[in-house]
Every structure is written in structure tokens, then in C-alpha cells.
Amino acid sequence: MTITNEALPELATRQQVALYTQTSVPTLARWAAEGVGPKVTKLGGVVRYRREDVLAWIAASTSQTV
């Protein structure tokens, strides 16, 4: 399954974010526990990632080389 910017839902699962960022689900879980990575939102104990938080995290984590 390929996730594009348009296909990343407003509230994405950890699996969807892992596919989008080409990161493993366990890595995202570890980052959440460590307080790094995209901001996590919990809805009734279920982990979700808001699309705007994922995109902001990517933008903040991206460095340009010259």
C-alpha cells in the first residue's frame, strides 16, 4: 500500500504514518515513548497522528545541503 500526501488521512494510524515516512511501526512507537518524532494524538486510548503534525515534523526534520 502506497500512501501519498493526499492519501494520508487527517487522523492517521501508526501503520499509515510508517508507510508515509518509510519508518517502521516499532520505531514510531519508540519515538512516541521517548517524546520525539511526530506528535501523537490519543483518542480513547487509540494512537493516531494528525496529518498536519506529521507534515510539520517532516518539515522541521528536513535539512538542506548545499
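Residues numbered from 1 in each chain as written. Predicted model: local features only at pLDDT ≥ 70, side-chain atom pairs only at ≥ 80, totals over all residues. Heavy atoms only, no water.

Observations concerning the packing of helix H1 (residues 14-21) against helix H3 (residues 51-61)
The interhelical angle for the contact between H1 and H3, taken along N-to-C directions, is 30°, at an axis separation of 12 Å. Looking at the two axes, H1 sits roughly parallel to H3. For the element pair H1 and H3, the recorded crossing hand is right-handed. From H1, Val 17, Tyr 20 and Thr 21 reach across to H3, where they touch Val 54, Leu 55, Trp 57 and Ile 58. Within the contact of H1 with H3, the residues separate by chemical class into 6 nonpolar, 1 polar and no charged. (Axes fitted to C-alpha atoms, helices over the stretch in contact; angles between N-to-C directions. Helix = DSSP H or I, 4+ residues; strand = E, 2+ residues; numbered from the N terminus. Parallel < 35°, antiparallel > 145°, perpendicular 65-115°, else oblique. Left-handed = near helix turned anticlockwise from the far one by under 90°. Contact = heavy atoms within 4.5 Å. Nonpolar A, V, L, I, M, F, W, Y, C, P; charged D, E, K, R; others polar.)

As for unusual backbone geometry
Despite not being glycine, Gln 22 shows a phi value in the positive range, around 55°. With respect to the secondary-structure elements, Gln 22 resides in the loop between H1 and helix H2 (25-34). Given a relative accessible area of 76%, Gln 22 falls into the exposed group. (Buried < 20%, exposed > 50% of the residue type's maximum accessible area, 1.4 Å probe, protein only.)

So, the environment of Leu 43
You can see Leu 43 is positioned in strand E2 (residues 41-43). As a C-alpha pair, Leu 43 and Leu 11 span 32 residues in sequence and 10.0 Å in three-dimensional space. Ignoring any residue separated from it by four or fewer positions in sequence, one finds Leu 43 in contact with Leu 11 and Arg 48.

Concerning the pattern of salt bridges
Any two side chains of opposite charge can pair, on the condition that their charged atoms come close. Scanning the model with the defined rule gives 4 salt bridges in all. The residue Arg 51 makes a salt bridge to Glu 10 at a minimum N-O spacing of 3.0 Å. You can see Arg 51 sitting in helix H3 and its partner Glu 10 sitting in the segment before strand E1 (11-12), a full 41 residues away along the chain. On the accessibility criterion, Arg 51 (25% relative accessible area) is partly exposed. Classification of Glu 10 as partly exposed rests on a relative accessible area of 40%. When the shortest N-O distance is used, the salt bridge between Arg 30 and Glu 34 registers 3.9 Å. Of the two residues, Arg 30 and Glu 34 are both situated in helix H2; the distance of 4 residues between them amounts to about one turn of the helix. With relative accessibility at 42%, the residue Arg 30 sits in the partly exposed group. Three or more residues are tied together by salt bridges with common partners; here these are Arg 50, Glu 52 and Asp 53. (Salt bridge = Lys/Arg side-chain N within 4 Å of Asp/Glu carboxyl O.)

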